[in-house]
Amino acid sequence: MRIAVPRRLEAEPLTHVGPYPVVSVSHLDGTKILLENDNWALLRFSGTEPVLRMFVEADSPEKAEELLDWLKGFVTAGV
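1. What to know about the layout of surface pockets
Then, number 1: For the largest pocket, the calculated volume is near 230 Å³.
Then, number 2: Pro6, Leu9, Glu10, His27 and Thr31 are the residues nearest the centre of the largest pocket, which is lined by 15 residues in total.
Then, number 3: Of all elements in the fold, only helix 1 (4-11), strand 3 (31-35) and strand 4 (40-45) reach the threshold of two or more residues within the lining of the largest pocket.
Then, number 4: Counting residues per element, the lining of the largest pocket draws most heavily on helix 1, at 4 residues.
Then, number 5: Of the residues contributing to the lining of the largest pocket, the split by class is 10 nonpolar, 3 polar and 2 charged.

What counts, and where the lines are drawn
- Residues numbered from 1 in each chain as written.
- Predicted model: local features only at pLDDT ≥ 70, side-chain atom pairs only at ≥ 80, totals over all residues.
- Heavy atoms only, no water.
- 1 Å grid on protein atoms, 1.4 Å probe; cavity = no way out; pocket = protein on both sides within 12 Å on 5 of 7 lines; lining within 4 Å.
- Points joined across faces, edges and corners; volume = space filled by probe spheres on them.
- Helix = DSSP H or I, 4+ residues; strand = E, 2+ residues; numbered from the N terminus.
- Nonpolar A, V, L, I, M, F, W, Y, C, P; charged D, E, K, R; others polar.

That's the geometry; what it means functionally is another story.
Set out below in structure tokens:
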């Protein structure tokens, strides 16, 4: 997954996370996907454990759950 996810992000740059348009993407500390209305999602591999951490911030708990579900589907696609 540590190799496959970055390759997929490079080969197919994200334009949407679910129905939400991507405003920009930062690769400063993981991959932070900035969405409209100050919503965002972050994919970050741990440097000390075999773990991919997923964080989101959204303007509602339902939207946060929707973003997390989409990220889980994205990272596990093709596994």
